[in-house]
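Residues per chain, in single letters:
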Amino acid sequence: MLRIALAQTAPGLGALDANLARHRDLLEEARAGGAGLVVFPELGLTGYQLQDLAAEVAMRLDDPRLAALAAATRGLSACVSFVEESGDHRLFIAAALLEDGEIRHVHRKVFLPTYGLFDERRFFAAGDVVRAVPSRLGVGVGIAICEDFWHLQTPQLLALDGAQLLLNVSSSPGRDLAARNDVGLGTATSWRTLMRTYAQLTTSFVVFVNRVGVDESVTFWGGSEVVAPSGEPLFSAPLFDEGLYLVDVNLEDVRRERIALPLLRDERLELQARELGRIIAERAGLASDSTAEPGAEPGLDVAPMAPLPSPSRRPKVPRRPMIPPPLRAPGEDGVAARAPEEPIRLRSHRR
Amino acid sequence: MSAARPLPVDDAGRPLFELPDELAIDTDVARRVIAGFIRGQLGQAGFERCVLGLSGGIDSGLVAYLVSESIGADRLLCILMPYRTSSPASRSDAEAIVAELGCPSELVEITAMVDGYFGRDGQAGAGGEAVADATPVRRGNFMARTRMAVLYDRSVAFRGLVVGTGNKTESLIGYTTLFGDNACAFNPIGDLYKSQVRQLAAAMGVPNQVIAKAPSADLWPDQTDEAEGSFSYPLLDRILYWRIDRRRSTDELVEMGFERPLVERVERLVATSEFKRQVPPVAKLGPRTAGVDYLYPRRRPGSTHS
């Protein structure tokens, strides 16, 4: 049995010292409540909408303030998130696994949303590593940060690398307020769908901790969750309420689920790696795509259509049946078959 | 799906307003987000009180309810600023809202200020003969900016932040006075279309007569938004929602059944009012320029007012 504490906090924007103190308080509260793992939200130590403040609140991994926070985790595991400055002065959105007084692992956010209301790539460098790590809890832990889980590969890689407990720490701004949505908020509906799906497909526990509070225009919606390896939500924290929520999980459920539903056993990594290798080469124009329609862009099977005034007036084009490519001799795959004078059309109306 | 609340009805049992399906919001979530937003804005800025101009219309009325719910009515100062041609019904509706909420209020007649500039009864004002025949639009803008000046002055004495009361519809079509009614420290309803303002106002108990009456800037007698713009709010809201929030093209809107001339007119209004929704550009000269490559949150440690 593991008691997980979800620290659904409202960090002060740029208020590193105050947030550090709050983290220490909550670690003690969680310890007193019998928790073995405490999870804080994305950038819980700094606040989210930092912009140029990011450089001013950044910490190196040898920062004494971080060491002091780690020291507060004797007999505990904790996931905390902050701005990490690397030796070559890149700034990362980072989440660290602190255990027994040490920094055991640091995940640097890989996918930095820079669209819509997000502008992360302007201020931060992207991480390059997705890795599960062993923990004192007796299970592998995989840490991801917010947008990392909007890419299928992240939970999959973490589970395949040995994680049985997937942690996603987030600063998700609530938006798309509409009566048709589950809990009135489109963002919440999407996240809940993702978390349940990932837990089921990776047959792992998923712990989602999202912050609350307000930075500038945006309100973070909370709604932190723990989802069992069966995809069943075990706990959903209230929307918008700050709090430390304790949830008991039975880690044996991972074994039970994986024996009953051996999805990970049946994954075909070599097939995936081979097909990914092919797609990468085709998208780079380094190999021909034997299943593509003539005129398709590199790596895309479907040829662009002529622009039409409206979608409903587009004629239905019968799709050619897909025929598997003939086997080719080694070395036959080579540089693109497209003749250099053939124009590349860049519009695809079906994307 | 959240439980649908029936729309309020008038004495004859007819709905007080039309709410297009796609614009319906979960009003409980909206109240929750907005209440936290108001407290968050005040907290970040180091303020505890709010000031707003209460016209007697639905927008400022709803904001008064939202602020009262968020921080308590005793910390909201409503200022009524009628001009001599303002509708008496506006004032009595504003007074009804103040009485209902129990918030402090002040009455500041802006007639002397406005007439002092434009002149009155053949007497030239501070603006001289040149402004004596100013158009209603110029006079209306001047009134809106006079009210802004009053609000900002009173906000210092009350130690409060000026709360914006403009909605998303009027902002998108530019039906606002720059540095007038759109001037504020923050705006809790600026991302709600008029139809959604009505839905939320009904859920919060804003008096029915305020919800039901024709929206008006009340800058001249018998002015109404819908007559001045010759549109209906539910229709305009739907066009804006599909065009902007849901990124549908003009052609797609026409296919959905909207009239092309109206869609194109709305698009022109949106495009020509872009400047009203943005901070004025500063000529880029130095290494680091506010709003361009000097980008900080509005408030950070050490920046709070105290």
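Residues numbered from 1 in each chain as written. Chains lettered and ligands numbered in written order. Predicted model: local features only at pLDDT ≥ 70, side-chain atom pairs only at ≥ 80, totals over all residues.

Undergrad: What am I meant to see in the overall build of chain B here?
TA: A tally of regular secondary structure across chain B gives twelve helices and four strands. For a compact globule of 306 residues, the expected C-alpha radius of gyration is about 19 Å, and chain B comes in at 20 Å, within 12% of that figure. Overall size of chain B, expressed as C-alpha extent along the three principal axes, is 55 × 55 × 45 Å. Here chain B holds 306 residues, and 39% of them are scored as buried. Within chain B, counting contacts between residues at least 6 apart in sequence, those at least 24 apart form 71% of the total. (Helix = DSSP H or I, 4+ residues; strand = E, 2+ residues; numbered from the N terminus. Rg over C-alpha atoms; globule rule 2.2 N^0.38 Å. Buried ≥ 20, exposed ≤ 12 C-beta atoms within 10 Å, placed from the backbone. Contact = placed C-beta atoms within 7 Å.)

Undergrad: What am I meant to see in the overall build of chain A here?
TA: Broken down by element type, chain A carries eight helices and 14 strands. Taking all 351 residues of chain A together, the buried fraction comes to 40%. Across chain A, contacts joining residues at least 24 apart in sequence account for 66% of those joining residues at least 6 apart.

Undergrad: Got a minute to help me understand the interface of chain A and chain B in this structure?
TA: A common way to state how big an interface is: give the accessible area lost once the parts meet. Between chain A and chain B, the residue contacts involve 23 residues of the former and 24 residues of the latter. For the side of chain A that touches chain B, the leading source of residues is strand β10 (residues 212-215) of chain A, giving three residues. For the side of chain A that touches chain B, a count of residues per class yields ten nonpolar, nine polar and four charged. (Nonpolar A, V, L, I, M, F, W, Y, C, P; charged D, E, K, R; others polar.)

Undergrad: Explanation requested: the confidence of the model for chain A in the structure shown.
TA: Close reading of the predicted structure is inappropriate where its pLDDT is low. Summary statistics for chain A give a mean pLDDT of 89 and a share of 87% for residues scoring 70 or more. Segment residues 317-351 of chain A is flagged for pLDDT under 50; beyond a separation of four residues in sequence, or across chains, it makes 24 contacts in the model. (pLDDT = per-residue confidence, 0-100.)

Undergrad: Mind showing me how you'd approach the pairing of strand β7 (residues 140-145) of chain A here?
TA: If a strand is regular, its side chains alternate between the two faces of the sheet. All names here are of chain A. Taking burial as the measure, the six residues of β7 include six buried ones, the bulk of the element. Along β7, one buried face is formed by G140, G142 and A144 and the opposite face, lined by V141, I143 and I145, is buried too. Two elements, strand β6 (residues 132-134) and β7, share three bridges in a ladder whose sense is antiparallel. If you follow P134 over to β7, its bridge partner there is G140. In this structure, the hairpin formed by β6 and β7 is closed by a connection of five residues, where G138 is found at a positive phi of approximately 90°. (Pairing = 2+ DSSP bridges.)

Undergrad: Can you walk me through the sheet that holds strand β4 (residues 160-162) of chain B in this structure?
TA: Whether parallel or antiparallel, the strands of a sheet pair through hydrogen bonds between backbone atoms. Residues and elements named next belong to chain B. Spatially, β3-β2-β1-β4 is the arrangement adopted by the four strands of the open sheet, whose pairing is parallel. A strand with exactly one partner marks an edge of an open sheet, and here the two such strands are β3 (105-107) and β4. Sheet twist, expressed as the average angle between the axes of neighbouring strands with direction ignored, equals 25°. Where strand β1 (residues 49-53) meets β4, three bridges bridge the pair, whose relative direction is parallel. The partner of R49 across the bridge, within β4, is G160. (Axes fitted to C-alpha atoms, helices over the stretch in contact; angles between N-to-C directions.)

Undergrad: Just to check I follow, could you spell out unusual backbone geometry for this structure?
TA: Backbone phi values are negative for most residues with the exception of glycine, while trans is the configuration of most peptide bonds. A positive phi is found at F240 of chain A, a non-glycine position, where the angle reads about 75°. Position of F240 of chain A among the secondary structure elements: in the loop between β13 (233-236) and β14 (243-249). Residue classification places F240 of chain A among the buried residues on the basis of 22 C-beta atoms within 10 Å. Unusually for a residue other than glycine, R159 of chain B sits at a positive phi of about 55°. Looking at where R159 of chain B falls in the secondary structure, it is placed in the loop between α5 (136-158) and β4. On the neighbour-count criterion, R159 of chain B (13 C-beta atoms within 10 Å) is partly exposed.

Undergrad: Would you mind going over the pairing of strand β2 (residues 76-80) of chain B with me for this structure?
TA: Residue and element names in this part refer to chain B. Burial within β2 is extensive, with five of its five residues counted as buried. As paired elements, β1 and β2 share four bridges and run parallel to each other. In the sheet register, G53 faces β2, and the bridge partner there is I79. At this point the chain moves from β1, through helix α2 (residues 58-71), to the parallel β2, and the crossover so formed is right-handed. Here three bridges tie β2 to β3, and the two strands are oriented parallel to one another. Of the residues in β3, the one forming a bridge with C78 is S105. In terms of handedness, the path from β2 via helix α3 (residues 88-101) over to β3 forms a crossover that is right-handed. (Right-handed = clockwise from strand over helix to strand, strands pointing away.)

Undergrad: Explanation requested: the confidence of the model for chain B in the structure shown.
TA: Summary statistics for chain B give a mean pLDDT of 93 and a share of 97% for residues scoring 70 or more. Taken over the whole predicted complex, pTM reads 0.88, whereas the ipTM for its chain interfaces reads 0.89.

Undergrad: Can you walk me through the domain arrangement of chain A in this structure?
TA: Taken as a whole, chain A is organised into domain 1 (2-260) and domain 2 (268-305 + 334-340). On a C-alpha basis, the centroid separation for the pair domain 1 of chain A and domain 2 of chain A is 36 Å. (Domains from an automatic or database assignment.)

Undergrad: Quick question: what am I supposed to make of the sheet that holds strand β2 (residues 37-39) of chain A here?
TA: Residue and element names in this part refer to chain A. Taken together, the six strands give an open sheet; going across it, the order is β5-β4-β3-β2-β1-β14, and neighbouring strands pair in mixed fashion. Of all the strands in the sheet, the pair left with one neighbour each is β5 (102-108) and β14. Looking at each pair of strands side by side, their axes are set apart by 30° on average, direction ignored. Relative to strand β3 (residues 77-85), β2 runs parallel, the two being bridged by three bridges. Looking across to β3, one finds that V39 is bridged to C79. Here helix α3 (residues 64-71) sits on the sheet and contacts β3, β4 (91-99) and β5; the angle it forms with β5, its principal contact strand, is near 115°.

Undergrad: I tried to follow the packing of helix α1 (residues 27-45) of chain B against α2 of chain B on my own but got confused; where do I start?
TA: Angle between the axes and distance between the axes are the two parameters that describe a pair of packed helices. All names here are of chain B. Between α1 and α2, the least distance of the axes is 9 Å, while the angle of their chain directions is 70°. Relative to α2, the element α1 lies roughly perpendicular. Mapping the contact onto sequence places R31, I34, A35, I38, R39 and L42 in α1 and L66, V67, E69, S70 and I71 in α2. Its residues placed into classes, the contact of α1 with α2 shows seven nonpolar, one polar and three charged. (Parallel < 35°, antiparallel > 145°, perpendicular 65-115°, else oblique.)

Undergrad: I would appreciate a short explanation of helix α7 (residues 194-204) of chain B in the present structure.
TA: Each α-helix winds once per 3.6 residues, and so residues spaced three or four apart point in a common direction. Residues and elements named next belong to chain B. For α7, the buried fraction is high: nine of the eleven residues fall into the buried class. Along α7, the residues classified as buried are K194, S195, Q196, V197, R198, Q199, L200, A201 and A202. On its buried face, α7 sits against α1, α2, α6 (168-173), α8 (208-212) and α10 (233-245). Taken from the residues just after α7, G205 is the one with a positive phi, measuring 85°.

Undergrad: Teacher, can you tell me more about the environment of R108 of chain A here?
TA: All names here are of chain A. The topology assignment puts R108 in strand β5. Classification of R108 as buried rests on a count of 22 C-beta atoms within 10 Å. For R108 and T219, which are 111 residues apart along the polypeptide, the C-alpha to C-alpha distance reads 24 Å. Apart from the residues within four sequence positions on either side, R108 is in contact with E84, F92, A94, G127 and V129.

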